[in-house]
Amino acid sequence: MLTNRRKDAWIAAVLVAPFLAIYLLVFVWPTIQMFGISFTNAPLIGSGDWVGTENYERLASDPRFRTAAWNTAYFVILTVLPGTVVALLIALGVARLKGRLQSGILALFFLPYILPVSVVYLIWDWVLNFQFGILMHVLDLFGMDRIPIMKTREWFMPAVGVVTIWWTAGFSILLFLAGLRSIPPEIYEAAALDNAGRWTTFRRITWPLLWPVTSLVFTIQLIAQLKIFDQVYLFSQGGRPNDNMVLVYYVFQRAFQQDQGGRAAAVAVTLFVLVVVVSVLQFQLLRMAGGRK
Amino acid sequence: MTISGMLKAAIVATIGFAGVARAEETVVWWDFLGGGDGVRMKKLIDDFNAAHAGQVKIDATTLEWGTPFYAKVQTSAAVGEAPDIMTYHASRIPLAVQQGVLQEITADDWTAMGLSQADFAPAIWDAVTIDGKQYAVPLDTHPIVLYYNKDLLEKAGMLDENGKPKGLDSREGFTATLQALKDSGVTFPLGSVTADGNFMFRTIYSLVGQQGGELMTDGEFLAGDNGEKLANALGVLAEWTTAGLQSTYTDYPATVALFTSGEAAMMINGVWEVPTMTDLAAQGKLFNWGAVELPVIFDKPATYADSHTFAIPANQGKEMTPERRAAVLTAISWISKNSLYWATAGHIPAYGPVTDSAEYKAMEPNATYSSLTANMIFDPKSPLAGVAGPIFDVMSTYFVPTVNGEMDPAEAVEMIREELNAL
């Protein structure tokens, strides 16, 4: 069939144009402005005076920025790898089931994912609340001391990590399942004929063939968890937000609570650069690791 | 014509007809009154609307208290989408004026409302005044008080002949009362919002005031022995925690629940929880209760208070019509003059003639704790002050570990001073 290249290009441009226009207007343009604001002393609303790199220099000696950066890194460590592993294990389990049972179990694991974060917060507050939480009554039952989980530094991040994995694992499980289903059954049959054990089958067939999905899940998780905000904001409400500070929360606090748009923008730019660098690095690393096999 | 187009036309037509027929001015109203006091404000608004049918109608929306409210006000005023009238904390007025969020309440406005400086207490008038100009109309003052469970205190033998808790006059006396309650089997003699540094600010600032201390002198934070006074205040609370006399790591809702369920015998909280108690008591779901001025732990009585006020946002690029402004002033004036009902929400009305009235003086529990009005202290007048503001925020960070026994008070004061002066 003959195609008209020029016409194709024209149609493509028309189809892409609405998206491109919106993308430029509500994403690229504000991003450029954010870079500009980060070099000024602007309040939340309105413009400010040029202050050079002062906002960035202050970050180096800002204890709260350090807390935020450390907590964000800690949260990423607590959730990205464990979250991926948990999702993979559950997906492997669900893949062994058949028919309605499989759909039923899958739905159960997927259910938390469709909950809005405010509902997630309420559910877990009912469980973990120091005075009235269900878990506290369980601890009482075993004669153990109650733990103010969301009110102490040591417990806060691990607890939010568990809640986040519980909340978001459903989506990763779905990706893994799709990956598992795309592995042709003939390969497994061949392996069975060759008397391969379960572990060997997993290591030699499932794992390498699933690798593209694994690295995708890993990358999605990494970017999402670097941007952690909602859970930390909700769970530290009426508590100690400054001890549980994470980077996006710090942007919010500087901008909306302290009316310092310029300093908030500097934090946001730092986070932006961090996300870009980390995700590019990580994707390259994973690709190299995958390519070696 | 599309369906939405027709709908729009219909709405425009309806509003147009209504406008022609009655010339009713709709006043858009935002507040942050989400608790028991919010219910009472809605009633006041309904009464206002009924009394001004055909002339002025308040269209009210309640938003989330604190940072969400103030961030929304600031951003919407900047694009001309703010309401015509809103509630505002007096403690946040210095910041609001700096941000250019508020319109001045002019001399003509005061005349139009039939209100004047003479109707308000000097401290409250001062709180809404910046550089000799007023930026809001005070509605109330809302201090914190000590709520107590009469049944539990009586059981512990700690109720005096007037039905008030014993030991309100000294640190030793009050600690003894708490200990007696503990000995009588009460789980938490004192319910405190120990998980929330923002809230603890009110209690701790009161205790600093009881020693004559000040947060800010000549633009410097915690100068001289003010730091020591803050450490003393923190020390008392930490001591109660160590002795097991106070609920630890308790957030706001849990504190109220501990008190209303009888697990905590006393509670330090804002007067805005009065409606919670009266409503529960009316349903027969509460014990005998009372509320008194905070105990004098140090040298003299002092209680932290803030004020709810009415303010008119400075909408950028959108001039308010004279008719609309008149309607707004009518609303403020009417609610101020009818704020006796607002007192049932626990607050102390700011409008003098109301608090001077015989009806107000007979109102309970307001009458019992009204003695504190002579001892009220307000936030320092600074753009950094105010509920959910930077000072609140810095201090709260260190209050939580200290009052729960994780951190030494002196160390906390050092950190607070450093961070505040770096703001």
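Residues numbered from 1 in each chain as written. Chains lettered and ligands numbered in written order. Predicted model: local features only at pLDDT ≥ 70, side-chain atom pairs only at ≥ 80, totals over all residues.

1. A short note on the overall build of chain A
The number of helices and strands found in chain A is 12 helices and 0 strands. In chain A, of all internal contacts separated by at least 6 residues, the share reaching a separation of at least 24 is 70%. (Helix = DSSP H or I, 4+ residues; strand = E, 2+ residues; numbered from the N terminus. Contact = placed C-beta atoms within 7 Å.)

2. Some points on the overall build of chain B
Within chain B one finds 18 helices and 16 strands. Taken against the 2.2 N^0.38 rule, which gives 22 Å for 423 residues, the C-alpha radius of gyration of chain B at 23 Å falls within 12% of a compact globule. The principal-axis extent of the C-alpha atoms belonging to chain B is close to 75 × 50 × 50 Å. Within the span of chain B, comprising 423 residues, buried residues form 49% of the whole. (Rg over C-alpha atoms; globule rule 2.2 N^0.38 Å. Buried ≥ 20, exposed ≤ 12 C-beta atoms within 10 Å, placed from the backbone.)

3. Observations concerning the sheet that holds strand β14 (residues 308-311) of chain B
Residue and element names in this part refer to chain B. Read from one edge of the open sheet, 5 strands run β2-β1-β3-β14-β6, paired in mixed fashion. Of all the strands in the sheet, the pair left with one neighbour each is β2 (56-62) and β6 (137-138). Bridge count between strand β3 (residues 85-89) and β14: 4 bridges; the pairing is antiparallel. Note on β14: the bridge partner recorded for Met86 is Ala311. (Pairing = 2+ DSSP bridges.)

4. Re helix α3 (residues 63-96) of chain A
Relative to the 50 Å expected for 34 residues at 1.5 Å per residue, α3 of chain A spans 50 Å between its end C-alpha atoms, a close match to the ideal helical length. Residue Gly83 of chain A marks the point of greatest curvature in α3 of chain A, where the axis turns by about 25 degrees. (Expected span 1.5 Å × (residues − 1). Bend = angle between axes of the 7 residues up to and from the residue.)

5. Some thoughts on the interface of chain B and chain A
Tallying the contact residues gives 21 residues for chain B and 18 residues for chain A. Counting only elements with at least two residues in the side of chain B that touches chain A, the list comes to α3 (67-78), α11 (252-260) and α17 (390-403) of chain B. Tallying contributions element by element places α3 of chain B first for the side of chain B that touches chain A, with 5 residues. When its residues are assigned to classes, the side of chain B that touches chain A shows 11 nonpolar, 7 polar and 3 charged. (Nonpolar A, V, L, I, M, F, W, Y, C, P; charged D, E, K, R; others polar.)

6. What about the nonpolar core?
By size, the foremost hydrophobic cluster in this structure holds 127 residues, and its most contacted members are Ala136 and Ala331 of chain B. A domain-level breakdown of this core finds at least three residues from each of domain 1 (3-139 + 307-361) and domain 2 (142-305 + 389-421) of chain B. Those residues in contact with Ala136 of chain B that sit more than four places away from it in its chain are Tyr88, Ala90, Ile93, Leu102, Ile105, Val128, Thr309, Phe310 and Ala311 of chain B. The next biggest cluster of nonpolar side chains, apart from the first, holds 41 residues, and it includes Ala42, Tyr250, Val251 and Ala266 of chain A. (Core = buried A, V, L, I, M, F, W, Y, C linked by C-beta atoms within 7 Å. Domains from an automatic or database assignment.)

7. Considerations on the confidence of the model for chain B
Fine structural detail should not be taken from predicted coordinates in areas where pLDDT scores are low. Residue and element names in this part refer to chain B. Averaged over every residue, the pLDDT of chain B is 90; residues scoring 70 or more account for 95%. Contacts for the low-pLDDT stretch residues 15-21, under 50 throughout, to residues beyond four places or in other chains number 1 contact. Here the complex is predicted with pTM 0.85, and the ipTM for its interfaces comes to 0.81. (pLDDT = per-residue confidence, 0-100.)

8. Observations regarding helix α8 (residues 185-193) of chain A
Little of α8 of chain A is tucked away, with 0 of its 9 residues classed as buried. Asn195 of chain A sits one or two residues past α8 of chain A and shows a positive phi near 65 degrees.

9. Digging into the packing of α17 of chain B against helix α18 (residues 409-421) of chain B
Residues and elements named next belong to chain B. Put simply, α17 and α18 touch, their axes get as near as 10 Å, and they point 165 degrees apart. With respect to their mutual orientation, α17 and α18 come out roughly antiparallel. Handedness of the α17/α18 crossing: right-handed. Every residue of α18 that contacts α17 at Ile391, Val394, Met395, Tyr398 and Thr402 is listed here: Pro409, Ala412, Met415, Ile416, Glu419 and Leu420. In terms of residue class, the contact of α17 with α18 is built from 9 nonpolar, 1 polar and 1 charged. (Axes fitted to C-alpha atoms, helices over the stretch in contact; angles between N-to-C directions. Parallel < 35°, antiparallel > 145°, perpendicular 65-115°, else oblique. Left-handed = near helix turned anticlockwise from the far one by under 90°.)

10. Notes on the environment of Ser38 of chain A
Residue and element names in this part refer to chain A. Mapped onto the secondary structure, Ser38 falls in the loop between α1 (5-37) and α2 (54-60). Residue classification places Ser38 among the buried residues on the basis of 23 C-beta atoms within 10 Å. For the pair Ser38 and Asn55, spaced 17 residues apart in the sequence, the C-alpha separation amounts to 6.9 Å. With sequence-adjacent residues up to four places away left out, Ser38 is seen in contact with Asn55, Gly262, Ala265, Ala266 and Val269.

11. Regarding the domain arrangement of chain B
Residues and elements named next belong to chain B. Structurally, chain B comprises domain 1 (3-139 + 307-361) and domain 2 (142-305 + 389-421). Taken residue by residue, the interface counts 12 residues in domain 1 and 9 residues in domain 2. Of all the elements, helix α2 (residues 36-51) adds the most residues to the side of domain 1 that touches domain 2, at 4 residues.

12. Quick notes on the environment of Val296 of chain B
Residues and elements named next belong to chain B. Among the structural elements, Val296 can be located in the loop between β12 (289-292) and β13 (303-306). Assessed through the 18 C-beta atoms surrounding it within 10 Å, Val296 is described here as partly exposed. Between the alpha carbons of Val296 and Leu168 there is a distance of 6.1 Å; along the sequence they are 128 residues apart. Once residues within four sequence positions are removed from consideration, Val296 is found in contact with Leu168, Asp169, Ser170, Gln210 and Pro301.

13. Here's the deal with the pairing of β3 of chain B
Residues and elements named next belong to chain B. Judged by how many residues are buried, β3 sits mostly within the fold: 5 of 5 residues are covered. The alternating pattern of β3 places Ile85, Thr87 and His89 and Met86 and Tyr88 on opposite faces, both of which are buried. For strand β1 (residues 25-31) and β3, the ladder comprises 2 bridges, and the chain directions are parallel. Within β3, the residue paired with Trp29 across the bridge is Ile85.

14. Some points on unusual backbone geometry
Residue Pro365 of chain B is reached from Glu364 of chain B by a cis peptide bond, and omega for that bond is 0 degrees. Here Pro365 of chain B shows up in the loop between α15 (358-361) and α16 (366-369). Of note, Asn195 of chain A is a non-glycine position whose phi angle comes to about 65 degrees, a positive value. Secondary-structure assignment places Asn195 of chain A in the loop between α8 and α9 (198-226). Taking the C-beta count within 10 Å as the criterion, Asn195 of chain A has 7 such neighbours and is therefore assigned exposed. Phi at Leu222 of chain B takes a positive value of approximately 50 degrees, unusual for a residue other than glycine. Along the polypeptide, Leu222 of chain B turns up in the loop between β10 (220-221) and α10 (226-242).

15. A word on the packing of α10 of chain B against α18 of chain B
A pair of packed helices can be characterised by two numbers: the angle between their axes and the separation between those axes. All names here are of chain B. Running from N to C, α10 and α18 cross one another at 135 degrees; their axes reach a closest spacing of 9 Å. Judged by the inter-axis angle, α10 sits oblique to α18. Seen from above, α10 lies across α18 with right-handed handedness. Across from Gly227, Leu230, Ala231, Leu234, Gly235 and Ala238 in α10, the residues of α18 making contact are Pro409, Ala410, Ala412, Val413 and Arg417.

16. Things to note about the environment of Ala53 of chain B
Within the secondary structure, Ala53 of chain B sits in the loop between α2 and β2. Between the alpha carbons of Ala53 of chain B and Glu24 of chain B there is a distance of 7.9 Å; along the sequence they are 29 residues apart.

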